[in-house]
Structures are given as structure tokens and as C-alpha cells.
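Here's the letter readout for the chains.
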Amino acid sequence: MDYGLWIGIFVIDTGMIVVSDHYILNLNGTQKVSARLDIDNSYMARALELAQQAAEAGEVPVGAVVVKDGEVIGEGYNQPISGTDPTAHAEIVAMRNAATFLNNYRLTDCDLYVTIEPCTMCVGAMVHARIKRIVFGALEARAGALQSQLQLMDGDYYNHSIDWHGGVLADQCGAVMRDFFREKRK
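Report on the accompanying structure. (Residues numbered from 1 in each chain as written. Predicted model: local features only at pLDDT ≥ 70, side-chain atom pairs only at ≥ 80, totals over all residues. Heavy atoms only, no water.)

## Things to note about the overall build of the protein chain
In step 1: What the protein chain contains, in helices and strands, is four helices and nine strands.
In step 2: For the protein chain, the N- to C-terminal ordering of α and β elements is β-β-β-β-α-β-β-α-β-α-β-β-α.
In step 3: Across the protein chain, contacts joining residues at least 24 apart in sequence account for 55% of those joining residues at least 6 apart.
In step 4: Surface accessibility of the protein chain: about 9700 Å² in total, with carbon and sulfur atoms responsible for 52%. (Helix = DSSP H or I, 4+ residues; strand = E, 2+ residues; numbered from the N terminus. Contact = heavy atoms within 4.5 Å. Areas by Shrake-Rupley, 256 points an atom, 1.4 Å probe, with all protein chains shown as cover.)

If you want it as C-alpha cells, here you go:
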């Protein structure tokens, strides 16, 4: 069977999805891309549910899930205010839960889904944890550390690199944030 490298950009009704070189497809491989997008959307939908829990608790509405071998092994939402912990971002909470589940601080072969582009602290923790892939929803224009501001994974200064892409359910993820802050300003 002839396989080739395939890179493409899909625009779907929820935003732009960038499909990178980790998709190796034959000419009839669009089903694989479709399946991957369905899977990513499903896990992001769970992260959105967690973000809503954060909003209900008065926290900035960010949710995250860690997935290994098709199973959610860690979940979290922002809790720095209620937990009096400045590091209790959704990604960190989800990774702590996943590490406890695995009884290992290394989260190799795990994907992390988060509703908003991660910050510098969270990307650093993901590198240390050896996360395999980061999937985020909406851009974080002020503090995003993958695309919006720092592009931390573009450098070669880390001893671990992480595949990533953004834009999964971006409209919904961005709307949760906008709605939360609109209510706060009232």
C-alpha cells in the first residue's frame, strides 16, 4: 500500500483545524482525518463541560482533559482562586490527576485537550511531563505560549517536543470566555 505524507487545513463550522504531519494517509485516508477530528471534538467537548464548572465556581472558565490510549485519565478546570493556588490552571490540575492515576509523573503517550491556548507555565509543565500532543480550542491573545505570543514549541531548546494544534471547537471555547467576562463586567 502506498502511503504518503499529507498536510492540510480543514475549515469546519466550528473553526479552523490544522492537521499536521502526524497524519500519514493513503489517498483514501480522509476517513482517518475525519475520525481524528471526531475524537478531538469529543474530548474538547468534555473540556468545555469542565470549563463551565469553573465558571459556575467563579473561576476563569478553562477546562482540560488528559487522554491515554483513548481513555480520559485526568480532568481539571481552573481553580487558582478557590484553591488559593496560583498554579492550579486547568492543565496543571488535569496533569496532576493523570499522574496520580498512572502513579507516574511522566505522562508519555498522553494527549492534553484544553479549551484555551496554554500559558508559559502550563507548556513548561507539559514538557516536563512529556505530553505527546496538545490540542487547544481558542487562541489566548495575551498569554498564549504556542501560537499567539511565544511559540515555545518552535524552538529547539527543550529536551522534549510536543505536537500541537489549535482551533478545535474554537468558537465554542472562545464564547465561554467572552460570556464569562461579559457577565463579570456587569
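## Examining the pattern of salt bridges
In step 1: Going through the model one piece at a time under the given rule, you end up with seven salt bridges.
In step 2: Taking the shortest distance from any N to any O, the salt bridge between Glu75 and Arg46 comes out at 2.7 Å. Of the two residues, Glu75 is situated in strand S6 (residues 71-77) and Arg46 in helix H1 (residues 30-56); the sequence distance between them amounts to 29 residues.
In step 3: With its nearest N and O atoms 3.0 Å apart, the salt bridge here joins Glu183 to Lys186.
In step 4: What emerges from the salt-bridge pattern is a single network uniting Asp40, Asp111 and Arg133. (Salt bridge = Lys/Arg side-chain N within 4 Å of Asp/Glu carboxyl O.)

## Brief notes about the packing of helix H2 (residues 90-102) against helix H3 (residues 120-129)
In step 1: Relative orientation of the contacting elements H2 and H3 amounts to 20°, with a least axis distance of 9 Å. If you check the angle between H2 and H3, you find them roughly parallel. The crossing of H2 and H3 is left-handed. Taking contact as the criterion, the partners of Glu91, Ile92 and Met95 in H2 are, on H3, Met121, Cys122, Ala125, Met126 and Ala129.
In step 2: Looking at the contact of H2 with H3 residue by residue, the classes come out as seven nonpolar, no polar and one charged. (Axes fitted to C-alpha atoms, helices over the stretch in contact; angles between N-to-C directions. Parallel < 35°, antiparallel > 145°, perpendicular 65-115°, else oblique. Left-handed = near helix turned anticlockwise from the far one by under 90°. Nonpolar A, V, L, I, M, F, W, Y, C, P; charged D, E, K, R; others polar.)

## Observations concerning the nonpolar core
In step 1: Judged by nonpolar contacts, the single largest core of 45 residues is most densely connected at Met44, Val66, Met95, Leu107, Leu112, Met126 and Ile131.
In step 2: Contact partners of Leu107, with chain neighbours within four places excluded, come to Met95, Ala98, Ala99, Leu102, Ala129, Arg130 and Ile131. (Core = buried A, V, L, I, M, F, W, Y, C linked by side-chain atoms within 4.5 Å. Buried < 20%, exposed > 50% of the residue type's maximum accessible area, 1.4 Å probe, protein only.)

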